[in-house]
Structure formats: C-alpha cells, structure tokens
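Residue-level structural notes
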Amino acid sequence: MLGIIILKEIQNHLYSLRFHISFIIVLLLFGIGTPGVITALKAEQDLYIEFQENRVEEIKHLASDNLTRLATHRFDHHFAPRSNRIISDCHEKVLPNEITYSAYNVFGFNVSLGTVNPLLKNVQTLSWSFIVVIILSFLTMLFAFDAISGEKEQKTLALSLSNSVSKGTLLFSKFVSIVGIITLIEFVGMMISMIIILIIGNISLDINFLFECLGFLLLSVLYISCFTVFGLLASIVTKDSNVSLLISLCFWLLFVIVIPNTSIFWAKKLFPIDSAAVVNNRIKQEREELSKNAPPGSWSSQGNNPFYPRHELRANLQMSFLMNEKKHRDAYYVEMMSQFEKTRNFTLVSPVALFDYSTEAFLGGGYLRFKKNWENLSGFQEQFLSFFKEADAADEESPHWYNPYERYSTTRKPVSFEEVPVYTEQIAPFDERLEFMLKYVIILIIYTGAIFSLCFVLFMKYDAR
Amino acid sequence: MIWHIAKKDFLLNIISARFMVGCALCLLIIPFTILTNIEDYKNQVRLYEIDRTTAETRLKETKVYSGLRPVIVRPPNPLTIFCNGINGNVGNKVKINFGDIPALTEGKASLRDNPFLNSFFSIDFINILSILISLLALIFSYDLFTREREEGTMKLSLSKGISRTQFLLGKISGVLLTLLPILILCYLLSILIIVLSKGISIGGENWINLLLIFGFSIIFMLLFVLMGAFISSRTKHSSTSIVVNLLCWIWFIFLVPNLATFISESYVRVQLYDNVEYAVKELNQEYNNIFHNEIGPEIDKELNMTNRSWWNMNGGYDGYMETSGTAKEVMEYERRLKAQGEPLRIDYADKKWAIVKDHMDGFSRQNRLQNILLCLSPSGLFEMVSAALCRSNEKAFLDFMEDVREYRETLIRHFELNMWFESYRYITAQPVDQFVSYEEQRAIAQSGNIPDCWSNNNNPVLDLEGVPMFDYKTEGVLSSLNQVLIKMILLLVVCILLSFLILWSFNQYDVR
C-alpha cells in the first residue's frame, strides 16, 4: 500500500506545474553554473601553476643568493584551487586561505584576494551546494506546504483516509514522495552537470570525484528531508494552505536568511574576544619594554661584518621580539578559532549550517582544510628551521647568532635548491573527513527524526474532515 | 468606486493571517538586522578612530621627510547601516607611498578581528527589505483576481457597472494601502533604533538620500505588486498563481543577483592577485638592484668610501630612513643615495601601476557586466540605487581612490619643489652643524659621552606647516541622484509597462 501511495504522489508531482517550472529552473542553474565554475576553475588552476612557478623561481633565487635570506624570507602558502569546487566552494574565498611563514615562525593567516573582485557584491559560486542550499530547500517547501492542508481544502484527505490507509502511512508517503521528487530534480541536474564536465573536460571524473558526488547526493537527501519535515509540519499545524505557506516561508527565511545572517552578531555578543587592536597594542608595549631594557648598542649594525659583536645583541633583541609576538599572536589565533567553532555550533539549529559544515568536511575543504594546513605548516616550519640551523652550523664563516628578521649574523652561503624543504599541502584522508562530518550528520538525522515524529503526533490529532 | 474597492481590500487584508505574519516577520527581522548593522557601523567607527588617531600621531611624530608618508583614513558613512554596498570588501585606509600608486585600501574591517567570522553570511537592511517587501507584495497580490474568481465575487462586482479598469485599480490600490504601512513601519523602526543608539547621527544631506531610498522602495514594492497581479490575471487558480509567483520571487531576488556576479566573475577573467604581486615584486627587485648595485657603488666611488656604519638607524618600507650620530661621510652618502634613488622610486611606481591598473581594469570590466546583468532584477536595481545613495557602491570607492592618487601627486610635487629629496632632513633630524667625522664619532663613542642628538628619539619633529593635507570629499545629493536617475526611470518604465500588460490581460480575463 505504501509503495502505491508513494508512486501516486510522485505521479501527481510529476504532472504539476510547480514541478515543471522547478525542473526548468534547476536544470538552467546546473546548466549555467557548471561551465562557469569549471571555466573559472581551469583559469584559476592555470594562474595557480604560474604562481607556483614564480614561487619556485623565488626560492631558487633566494637559495642561490644566501641561505639566511631564504630562512628569513616570509613565504605565503596560498591554498590551491580544489578540483571538487563544482560541488561546493566551502567558503574558501572568504575563509583564511593564505598562511605566512618563514623558517623561524608561522606568522599568521590571511584571506587572500586571489581572483576575488572586491568591487563586486554578492560573491557566490553557483556550485551544486548553492543550488541545494537556496533553491532546492525553497522548492521543497513549495512542494510540502500544502501536502496536508491542501488536501484538506480539496476534501481529498478525508477520502484518502476513508480507505484502509493509516495516517502514518499517508504522512510517510508524502514525506518520501517530496524527498524523492526533489532528489530526482537534483539528480538530473547533477547528471547534466557531469555531462558538461565530460564535454569541457577540465575536471577528471575519476572514482574519487564520483564518490564525492555520491556522498554529496546523500547529504543533500538528508538536507531535503529536513526541509520536507518542516514543510509538512507547517502543513499540519493549520487547516488553511495559505497559512501553511506563510509558516513554511517563515521557516525557510529563518533557516536560510535569519540564522546565518545573525551569526556574526551572536559571535560577538556570546563569545567575545579581544580586538586585534588590543592584541597589537599588547605586543607593541612589550616590544617597547624589551627595546628599552636591551643592552646599549643593540640596534647597531655593520653590513659587511657578520662578526661585529653588536650583531649578537641585535639578534637576541630581534629573537625576543619574535617570541613576544608569537606568544601573543598564537594565543589570539586559538581564541579566534574557538570563537568561530563556538559560533558554528550555535548556528547548528539551522539545517543550512548542518548541511554546509558536513559538506565542507566531506569534501575536505573550508575550515577543515585550513586547520590541517595550519597544523602541518607548524610542523614544517620546525623542519625548515632545523635544516637551516644544520646548514648554518656547518659554515665556519657564520657566528651562528640567529636573527629571525635580518641577515647580519648567520650563514651567507648559497644552498642547492634541491636540498631546500618545500611545503606541500596534504589533503585530509577520508577517515579524517568522515570523523569531522559525523557530528553534523548525526544532528541532522536526529533533527529530521524529531520533527517528523512531531508531525506524526500532530497528524494523528489532525481533523481530516 | 476605486476607493471603495481599495478600502474593502485593505480592511480585509489587515485582519488576514498574512498581514499578521508579514508584520511579525518585519518586526522580528528588521530590528535585528538594523541592530546588527549598527554594531557593524560602530565597529567601523571604532576602527576609524583608532586608525585616524594613529595616523595623526605618527604624522606629528615624523622627524624626517623619508618618514613623511601620510595615512589617509576614510570615515564611515552612517548610511551604510542601511546599505553596506561593497564596504565590507574593502578597507578604510591608504598609506601614501612614493614607491606605489595605491589601487585598493587596506584594513578591511571584517578581516581585522576574526577573519573566520567572514565566512558567515551577512546582509544589510536593504537586502532584508528587498526580500521581505517583495515577498509580502507577492503574497498579497498573488490571489488578487483568482480568489475573487474562486469565491465568485468577481462576477458580482463586475455585474454592478464597475469597469474592469476601476476594479483593477481598486484592487491594486488596496494591496498598496496594506503594504505601505508595513514599509513605513520598517523605515520608522530602523530610524528610531538608529536615533536611540548612542553616537550615531544621520546628518544633513543623508536624510534626503534616505528619503530617496524610501521613494525607490515604494516603486520597488509597486513592481512586485504588479508582478503578482499580472500572474494572478494569467492564472485561474490561486494555488497555481502562488507557485508561479514564488518561483518568480526566488528567481528575481536570489538567482539573478547571484547569477549576475557569478557570470561576471566566471567569464571576465582577472589575474590572480598573487601573480600581480609577484610581477610588482620583480620590479621592486629591479629597482633595489639599481639602487644598491648601481647608484650606491657610484656614490661610493665619488666619495671614496670603503666601509659604512651607522650609529642609530631605523629603516623601513618606501625608502624610510632615520639615522643619528652617524658620521657625516655616511650622512652625505645616504643623502646622495636618496637624492638619486627617490625620483627613480617614483618612476618605478609608475611602471608598477601599469601592471596593477591592468588588474584593476579587469575588476572594472567585471563590475560593468555585473551592473548590466543586475538591471534584469528589480532587487539588483534596488540595491544598486541604494548603494549609490548611501555612497557605498564601487563608484564612491573608486572616486575616493582617485582623490588619494591625486593627493599623492600633489605631495610628490611639494617634495620636489622644496627639494626635500636632496636635503639631509630626508634622512636625519640631527642638526647639520652637529654632524661629526668618522674619527670624531669613534672618539666620542669611546669616551661614552654620547650627545643627545645621536639618538633619533631626542631630535625635533618636522614642522608640517605648508605640507599639503588630504581633503576628504563627499558627493552631494545631486551627484548621487544623477547616478541613480536612469535606474529609477528604468524601474518606473517597467512598472508602467507591467500596468498596461495587466490591463490588457485583465480585460481578457474570464471571470466565470
């Protein structure tokens, strides 16, 4: 019986005007979005290759000049464009995507301009994730808002229930048919997108990519299910489909617009941290103190003489500046990440946030990617420093006074490019990604289950006459 | 008769659930958005005060001309509480360097405290208003004719000698009468919250701009009412009408503006910023190479110098150098080096600008395409008009940058006219008559009786009288109006066209 009702419901949807228009809009978006995303991705990948070549040239130049120059040089590790960006951009254009480091320290992170145009407003990539988050959630509401109240108005609900169909079966079939029809639209859209990818050919459709597509589809089914139960709830709590529509729209606006839009407000109110100006001031004050207490002549220098005795004082002072700054900055970065993580947890009341974070984790992008790079770069920096110190120790013409910012008092000998350690990004393995996303997926399942149970209870009491 | 129909519809609407929900939505979302935007504005003001004070203090403490590099801080505009435009994407300050021609500002507020928070979605009052008002306009107008038809009251009304035009005008006026109080409520509520907030004053011309935005909001609302009415006049059932209306809503409010940005970003390519930086860095290296390996050794040769040391020396970006207690031979070397090196630095700035400008031209091309595509969406037009009136659009920013570049030229001319590049004061604040030779310096250093003027900290600051200062200009109302007039007319024309279409469509409407 359940199967028959589901099929009947799906058939009804398939013949409806809303399905036809929705289908066209979604296909249009997949059709317009895919060539745009992959053309942009290809262009960015080419530019990134150029950037990497420039970087290699820079390292070669510094290495051939002198090792101290290489060690004190501040490099920016810029995140490479992800090939699965068509699925979701994971907010990588607005999250910190550049980390500055030298052999002495990982200084900090930044949001690189990349190819982002600051003169444009509403920078959004038309990825699959955007289509699911904004459009498919809206369409789900549009299909679900009158699932019960609409039938009641048309007097077909009483008729359906007069047959040997339980309320639970009817509700479940409505739920499955709406999820099914939206998933069908999404699936066709994804197929069209893949055909375009095959034709243009900038992204290889390998097993990894297909696995990611499948995972994304499953996550979006979960997300659509969550919106469906909210649509059904709106339909059950009233007898008038107009009111159901208004409630559905309120849910949608709350989840898609209001909660995400107020995140920054809540972050600052509930989880305040010091401003950057306060931290900078703290660093500056301690720096002044260190400078004041430094032995006389600490700022003296003699360009051509590495063994000029005051270079040791200068190196010590600069090193204490570095340690002071590192202490404050590292603590501040921890606070920043903690504020961000707490705010993310706070926004988990919205299915949009749950879907966003789980997709991001599943694709190994966004915040997970940043954290991985941040941790790995700290390890790499230590390796780079050991390499530098080893090479410096072998140089008899170096006084070995380590100065993190200047090149007065350590080796001035060149080094072969092949010997220089170069940082390469490690992509998070699947198990790590799954571990990161599990929390969000479980919450989304519980959320959907709870609201569906509420719908069930309310529908049991629903007056079908 | 039109009034009677409008009044009846108005009275029916205000007791409807949709009116209650609409008002509740506005009462909930608008104050919250305004409060968030006020917080954001206050943060901008806080940063502005910090930056301005720092810039003024640094300028006042400058002791040598090579350190005279003013920082221009752009004051925040209180109207950005209503429409933030591109303000969130750009910074608020520019340092006037001679080695670079500024293209963009620094100190983006959103990146200062916690850049991670940047990944959260953030929209302003105008965005929210365009979402809510358009949605309410469609919700009140989607069943303008279909409901009357379904209930059979349309036949009754039209059989009483009311013309279809009168009926149509009455119905549309009824919806407008219902929505206008909500719109006014949104604005009044926002203004009240702003007025009650401490330290924010929307002064002078800003009120006129706000009034213009309000006027445009009415046209925007009218357009969606007409759109809803038109769809209603083309369908027979309210259920069909609402679905079509909502799909149109999501298309015009969410998809077209995003598509406009997406298409302009994807199909008009710009260089990766890091590659631009790399090209600029190469020119910097070229300059440094000439400076240190050509100009320096030449002066060394002229002065017969073999070794140099400095007593108290600070150096930095853009040729900043401040030294004291250094031997006069080295002082002379540095003076000559700067006299020749600084004009060359300015020439190199022009070379670098060619690369940066090419990059900026790419941005401008993307921007032009985005603006054209945004004209396809009423909300796009509404946002463009509001951003122009709130002076938070790209034009206001680019005009500011143009003024900054002009100021840089003026400052350089001032340096050249006063021959500051050739002066000792470019590198030292120590009086020239207290310069000592190498031998004297060594003897004094060994004696331990270091004169006060050998420390940079003890030397006098520059007299800044006569030095040109940046004058921040804001656009007048007429200029802002000039920018938005075409867009306003465009939206009005669309409204008029839509009105004719509805009239035509409703005249054919089968009321049975």
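Being a predicted model, the structure only gives us computed values, none of them experimental. (Residues numbered from 1 in each chain as written. Chains lettered and ligands numbered in written order. Predicted model: local features only at pLDDT ≥ 70, side-chain atom pairs only at ≥ 80, totals over all residues. Heavy atoms only, no water.)

**Describing the overall build of chain B**
When you go through chain B residue by residue, the secondary structure sums to 15 helices and 4 strands. For 512 residues, the compact-globule estimate of 2.2 N^0.38 gives 24 Å, and the C-alpha radius of gyration of chain B, at 32 Å, exceeds that figure by more than 25%. Its C-alpha atoms put chain B at 115 × 45 × 40 Å along the principal axes. When burial is assessed residue by residue, chain B has 57% of its 512 residues classed as buried. Of all intrachain contacts in chain B linking residues separated by at least 6 positions in sequence, the fraction that spans at least 24 positions is 84%. With the model as given, the accessible surface of chain B reaches about 21500 Å², and the carbon-plus-sulfur share is 59%. Looking at charge distribution, chain B has the averaged site of its 48 positive side-chain charges lying 11 Å from that of its 53 negative ones. (Helix = DSSP H or I, 4+ residues; strand = E, 2+ residues; numbered from the N terminus. Rg over C-alpha atoms; globule rule 2.2 N^0.38 Å. Buried < 20%, exposed > 50% of the residue type's maximum accessible area, 1.4 Å probe, protein only. Contact = heavy atoms within 4.5 Å. Areas by Shrake-Rupley, 256 points an atom, 1.4 Å probe, with all protein chains shown as cover. Lys, Arg positive; Asp, Glu negative; His and termini not counted. Charge placed at Lys NZ, Arg CZ, Asp CG, Glu CD.)

**Overview of helix H11 (residues 328-374) of chain B**
For H11 of chain B, built from 47 residues, the straight-helix expectation of 69 Å at 1.5 Å per residue is met to within 8% by its first-to-last C-alpha distance of 64 Å. In the structure, H11 of chain B departs most strongly from a straight axis at Gly341 of chain B, where the bend amounts to approximately 25° and where the proline Pro343 of chain B lies between one and four residues downstream. (Expected span 1.5 Å × (residues − 1). Bend = angle between axes of the 7 residues up to and from the residue.)

**Regarding the nonpolar core**
Residues Leu70, Trp128 and Trp252 of chain A together with Phe145 and Trp249 of chain B are the most contacted members of the largest nonpolar core, which totals 229 residues. In terms of residues, this core owes the most to one element, helix H8 (residues 207-236) of chain A, which gives 16 residues. The contact partners of Trp249 of chain B, leaving out residues within four places of it in the chain, are Phe138, Trp252 and Leu253 of chain A together with Ile131, Ser134, Leu135, Leu138 and Phe254 of chain B. Tyr65, Met360, Trp420 and Val467 of chain B belong to the second-largest nonpolar core, a separate cluster that totals 55 residues. (Core = buried A, V, L, I, M, F, W, Y, C linked by side-chain atoms within 4.5 Å.)

**Side note on the layout of surface pockets**
Space inside the second largest pocket adds up to approximately 820 Å³. Along the walls of the second largest pocket sit 31 residues, with Arg18, Asp146, Gly150 and Gln154 of chain A together with Ser239 of chain B positioned nearest its centre. Elements with a contribution of two residues or more to the lining of the second largest pocket: helix H1 (2-15), helix H2 (17-65), helix H5 (149-153), helix H7 (167-200) and helix H9 (241-270) of chain A together with helix H5 (146-151) and helix H9 (238-267) of chain B. Of the residues forming the lining of the second largest pocket, the biggest block, 5 residues, is contributed by H9 of chain B. Here the lining of the second largest pocket is composed, by residue class, of 9 nonpolar, 11 polar and 11 charged. (1 Å grid on protein atoms, 1.4 Å probe; cavity = no way out; pocket = protein on both sides within 12 Å on 5 of 7 lines; lining within 4 Å. Points joined across faces, edges and corners; volume = space filled by probe spheres on them. Nonpolar A, V, L, I, M, F, W, Y, C, P; charged D, E, K, R; others polar.)

**Remarks on the side chain of Asn459 of chain B**
Residue and element names in this part refer to chain B. Turning to its location among the elements, Asn459 is positioned in the loop between helix H14 (438-447) and helix H15 (477-507). The exposure class assigned to Asn459 is buried, which follows from its relative accessible area of 6%. Here Ser324 takes part through its side chain, which lies 3.1 Å from a polar atom of the side chain of Asn459. Only 3.4 Å separates the side chain of Asn459 from the backbone oxygen of Ser455, close enough to count as a polar contact. What Asn459 contacts, discounting residues up to four positions off in sequence, is Lys63, Ser324, Ala429, Gln430, Pro431 and Cys453. (Polar contact = N/O pair within 3.5 Å; in protein donor to acceptor, adjacent residues only side chain to side chain.)

**Brief notes about the interface of chain B and chain A**
Facing 82 residues of chain B, the contacting portion of chain A comprises 96 residues. A buried area of about 7800 Å², summed over both sides, lies between chain B and chain A, and 69% of it is on carbon and sulfur atoms. By the criterion of area lost to chain A, the three top residues of chain B are Phe116, Phe120 and Phe262 of chain B, representing 10% of everything that side buries. Across the chain B-chain A interface, the total number found is 3 salt bridges. We note a salt bridge from Glu265 of chain B to Lys93 of chain A, for which the minimum N-O separation is 3.8 Å. At the junction of chain B and chain A, the tally comes to 16 residue pairs in polar contact (both at pLDDT 80 or more). (Buried area = accessible area lost by both parts, 1.4 Å probe. Salt bridge = Lys/Arg side-chain N within 4 Å of Asp/Glu carboxyl O.)

**Observations regarding empty space enclosed by the protein**
With a probe scaled to a water molecule rolled over the atoms, the places where space remains empty come into view. Residue and element names in this part refer to chain A. Overall, the coordinates contain 6 cavities of 30 Å³ or more when judged by the stated rule. There is about 240 Å³ of room inside the largest cavity. Taken together, 19 residues make up the lining of the largest cavity; nearest its centre are Glu44, Phe79, Arg85, Lys93 and Asn97. Among the residues making up the lining of the largest cavity, the classes are represented as 7 nonpolar, 5 polar and 7 charged. In this structure, the second largest cavity occupies an estimated 130 Å³ of space. Per-class residue counts for the lining of the second largest cavity are 4 nonpolar, 6 polar and 5 charged.

**Observations regarding the sheet that holds strand S2 (residues 98-101) of chain A**
All names here are of chain A. The antiparallel open sheet is built from 3 strands, whose spatial order is S1-S2-S3. The open sheet terminates on both sides in strands that have one partner only, identified here as strand S1 (75-78) and strand S3 (106-110). Put simply, the sheet's adjacent strands are angled 25° from each other on average, direction ignored. Relative to the sheet, H2 contacts S1 and S2, its axis offset from that of S1 by approximately 155°. (Pairing = 2+ DSSP bridges. Axes fitted to C-alpha atoms, helices over the stretch in contact; angles between N-to-C directions.)

**Some points on the packing of helix H8 (residues 205-234) of chain B against helix H12 (residues 378-389) of chain B**
All names here are of chain B. Across the interface, H8 lies against H12 with an axial gap of 10 Å and an inter-helix angle of 175°. When the axis of H8 is compared with that of H12, the two are roughly antiparallel. Between H8 and H12, the residues in contact are Asn209, Leu212, Ile213, Phe216, Ser217, Phe220, Leu223 and Phe224 and Pro378, Ser379, Leu381, Phe382, Val385, Ser386 and Leu389, respectively. In the contact of H8 with H12, the residues fall into 11 nonpolar, 4 polar and no charged. (Parallel < 35°, antiparallel > 145°, perpendicular 65-115°, else oblique.)

**Brief notes about the confidence of the model for chain B**
Do not read the fine detail of predicted coordinates wherever pLDDT is low. Looking at chain B, pLDDT values average 88 and 99% of them are 70 or higher. The ipTM, which scores confidence in the relative placement of chains, is 0.89 for this predicted complex, and the corresponding pTM is 0.86. (pLDDT = per-residue confidence, 0-100.)

**Examining the pattern of salt bridges**
Charged atoms that come close allow side chains of opposite charge to pair. All told, the structure shown has 43 salt bridges over all chains when counted by the stated rule. A salt bridge links Asp9 of chain B to Lys8 of chain B; the nearest nitrogen and oxygen atoms lie 3.4 Å apart. Among the ionic contacts, a cluster of salt bridges with common partners joins Glu44, Arg85 and Lys93 of chain A together with Glu265 of chain B.

**Side note on the packing of aromatic side chains**
Tallying each qualifying case throughout the model produces 72 aromatic pairs over all chains. For the ring pair Phe19 of chain A and Phe23 of chain A, a centre distance of 5.3 Å and an interplane angle of 25° mean the geometry is stacked. In this pair, Phe19 of chain A and Phe23 of chain A both sit in helix H2, 4 residues apart, roughly one turn of the helix. Ring plane angle 90° and centroid distance 4.9 Å describe the contact between Phe98 of chain B and Phe415 of chain B, whose orientation is recorded as edge-to-face. Of this pair, Phe98 of chain B sits in the loop between strand S2 (93-95) and helix H3 (109-112) while Phe415 of chain B sits in helix H13 (residues 394-417); the two residues are 317 residues apart in sequence, bridging distant segments of the chain. (Phe/Tyr/Trp six-rings, centres within 6.5 Å; stacked < 30°, edge-to-face > 60°.)

**Quick word on H15 of chain B**
Here H15 of chain B spans 42 Å end to end across 31 residues, near enough to the 45 Å set by a 1.5 Å rise per residue. Along its length, H15 of chain B shows its largest kink, about 45°, at Val484 of chain B.

**A closer look at the pairing of strand S3 (residues 312-315) of chain B**
All names here are of chain B. Taken together, the 4 bridges between S3 and strand S4 (residues 321-324) define a ladder with antiparallel strand orientation. When the sheet's bridge partners are listed, Gly315 is paired in S4 with Met321. The turn linking S3 back onto S4 is made up of 5 residues, and Asp318 within it adopts a positive phi angle of 60°.

**Concerning the side chain of Ser409 of chain A**
All names here are of chain A. Inspection of the secondary structure assignment puts Ser409 in the loop between helix H13 (366-393) and helix H14 (430-460). Here Trp401 takes part through its backbone oxygen, which lies 2.7 Å from a polar atom of the side chain of Ser409. Setting aside anything within four residues of it in sequence, one finds Ser409 in contact with Pro306, His311, Ala315, Ser398, Pro399, His400, Trp401 and Asn403.

**Digging into the packing of helix H4 (residues 128-144) of chain A against H9 of chain A**
Residue and element names in this part refer to chain A. With their axes 10 Å apart at the nearest point, H4 and H9 run at an angle of 160° to one another. When the axes of H4 and H9 are compared, the pair comes out roughly antiparallel. Note on packing geometry: the crossing formed by H4 with H9 is right-handed. The residues of H9 that touch H4, namely those facing Val133, Ile134, Ser137, Phe138 and Met141, are Ser248, Leu249, Phe251, Trp252 and Val256. (Left-handed = near helix turned anticlockwise from the far one by under 90°.)

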